[in-house]
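Each chain, letter by letter, is given below.
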Amino acid sequence: LWDRKTGHIYENLASTTEIIKISNYTSPGAEEVFFADNSSLIVRTLGNDNETISTNYIKLIKEFSTSTIYKTEVKNINVDSNNISFLGSIKKLFYFINKTGSGVVSTIDGVSKLNVINTTISEWLSQYVNKTTIALTTKPSAYFKGYLFTLNPDGNSKNTYLLGEKYGFNTLMSPDGKKVIYNQIINNTLETFIYDIKIKSSTYLDQATIVDKCVWSADSKSIYCGIPQILDQAPYPEAWYKNDISFTDNIWSINAETGDFDLIVALQDQVITPIDVYKINISINNKYLIFQDKNTLTLWKYDL
């Protein structure tokens, strides 16, 4: 766990609520933190000019076997990009160099970098899906059509078009690379679908949400989403990104084969203040959901 206020690092055993400080490293105001494992992470911090982003690779080192506080080795890996995607299982990241269509795969420590794509489009959102697949989606907008491509991170394969020509289009691909949950605006209403890549067919979901509120299970069989109780018409996803709209969510699971829903957490029955689910993640063993409230940035955990 990363404390945005101080930059100190904490550890939480998922089976308890106890939080233990393991590092006094200080770097307040981090915008993004990616943990590769218990001893290495990437930290992204906005510069004093509110424009440049510093990207550091941090290695946690236990000085003695009995030590409870780790030392830190910090290395700036010089990533000139506003957005990166990270795959912790292989400790690699992907990003487009700012103001270019040049895409780079890099090791977590920045030692090895490989240019894997050059395009005329510079505004992409990327997802490092698995060791053989990177998903590339044009930045979503209610006012412009979006497109989804896949890319092999070895740099030897051409990008492949999967889906697109859709307004409000945002995507999240399953870890096995076989399905995609996506948004589309139809008749001014945000809708959500699951696309099967092999049979090239979409399944309509009878509850809609912004796919940023979703996470796939590790086995790609289920999707867990924060789903708003009320989803008014608005220019999504911009209205949510800009905080023009906030939601009161419950957490549901979606069967990726059938599209059936199950209520997992009725959040409004457990908390006083509504929670707008944000940055939701799931443990590798599918036992725990971790998410934040977009309004307060408070961290929540739920045992599945």
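The structure contained in this document is the topic of the report that follows. Starting from 1, residues in each chain are numbered consecutively following that chain's sequence as written. Selection of residues for local features in this predicted model requires a pLDDT of at least 70, selection of side-chain atom pairs for listing and counting requires 80 or more, and totals for whole chains, interfaces and linings are taken over all residues. Values shown for side chains rest on all heavy atoms present in the structure; no hydrogens or waters enter the calculation.

Section: the overall build of the chain
Part 1: Numbering of helices and strands runs from the N terminus; a helix is a DSSP stretch of H or I covering at least four residues, while a strand is a stretch of E covering at least two. Counting its regular elements, the chain contains one helix and 25 strands.
Part 2: In this setup the radius of gyration rests on C-alpha atoms only. A globule is expected at 2.2 Å times the number of residues raised to 0.38. Taken against the 2.2 N^0.38 rule, which gives 19 Å for 304 residues, the C-alpha radius of gyration of the chain at 19 Å falls within 12% of a compact globule.
Part 3: Taken over 304 residues, the chain has a buried fraction of 46%.
Part 4: Should any heavy atoms of two residues lie within 4.5 Å, those residues are considered in contact. Summarising the internal contacts of the chain: among those between residues at least 6 apart in sequence, 39% fall at separations of at least 24.
Part 5: His is not counted, nor are the chain ends; Lys and Arg add positive charge and Asp and Glu add negative charge. Each charge is placed at NZ for Lys, CZ for Arg, CG for Asp and CD for Glu. Counting 28 positive and 32 negative side-chain charges, the chain places the centres of these two groups 7 Å from one another. Accessible area is worked out with a 1.4 Å probe on protein chains only. A residue is then buried under 20% of its type maximum, exposed over 50%, and partly exposed in between.

Things to note about the pattern of salt bridges
Two side chains that carry opposite charge are able to pair once their charged atoms sit near each other.
Part 1: By definition here, a salt bridge exists when the distance from a side-chain nitrogen of Lys or Arg to a carboxyl oxygen of Asp or Glu is within 4 Å. Scanning the entire structure with this criterion turns up eight salt bridges.
Part 2: With a shortest N-O distance of 3.5 Å, Lys179 and Asp196 are connected by a salt bridge. Taken together, the positions of Lys179 in strand S16 (residues 179–186) and Asp196 in strand S17 (residues 189–196) put the pair 17 residues apart, joining distant regions of the chain. Side by side, Lys179 and Asp196 carry an identical accessibility label, which is buried.
Part 3: Across the salt bridge formed by Glu257 and Lys179, the nearest N and O atoms sit 3.0 Å from each other. One end of the pair, Glu257, is in the loop between strand S21 (249–255) and strand S22 (261–265); the other, Lys179, is in strand S16, with 78 residues separating them in the sequence.
Part 4: Residue Lys179 is classed as buried on the basis of its relative accessible area of 12%.
Part 5: The structure contains a network of salt bridges with shared partners spanning Lys179, Asp196 and Glu257.

Points about the pairing of strand S3 (residues 30–35)
Part 1: Should DSSP find at least two bridges between two strands, the strands are regarded as paired. The sheet contact formed by S3 and strand S4 (residues 40–46) spans five bridges and is antiparallel. Across the sheet, the residue bridging to Glu32 is Arg44, located in S4.
Part 2: The hairpin formed by S3 and S4 contains four residues between the paired strands.

Overview of the sheet that holds strand S23 (residues 277–282)
Part 1: Read across the open sheet, the three strands follow the order S23-S24-S25; overall the sheet is antiparallel. In the strand order of this sheet, the two ends are held by S23 and strand S25 (299–303), each with one partner. Within this sheet the neighbouring strands show an average axis-to-axis angle of 20 degrees, counted without direction.
Part 2: Sheet topology note: the S23/strand S24 (residues 288–293) ladder contains four bridges and is antiparallel. Across the sheet, the residue bridging to Tyr278 is Gln292, located in S24. Only the stretch in contact is used when fitting a helix axis, every axis being a line fitted to C-alpha atoms; angles between N-to-C directions are given from 0 to 180 degrees.

Comments concerning the sheet that holds strand S7 (residues 84–87)
Part 1: Ordered in space as S7-S8-S9-S10, the four strands form an open sheet in which the pairing is antiparallel. The two strands at the open ends of the sheet, each matched to only one other strand, are S7 and strand S10 (113–118). When strand polarity is set aside, the average angle formed by the axes of neighbouring strands in this sheet is 20 degrees.
Part 2: Of the strand pairs in this sheet, strand S9 (residues 102–107) and S10 are connected by five bridges, and their pairing is antiparallel. The residue bridging Val104 from the neighbouring strand is Asn115, located in S10.

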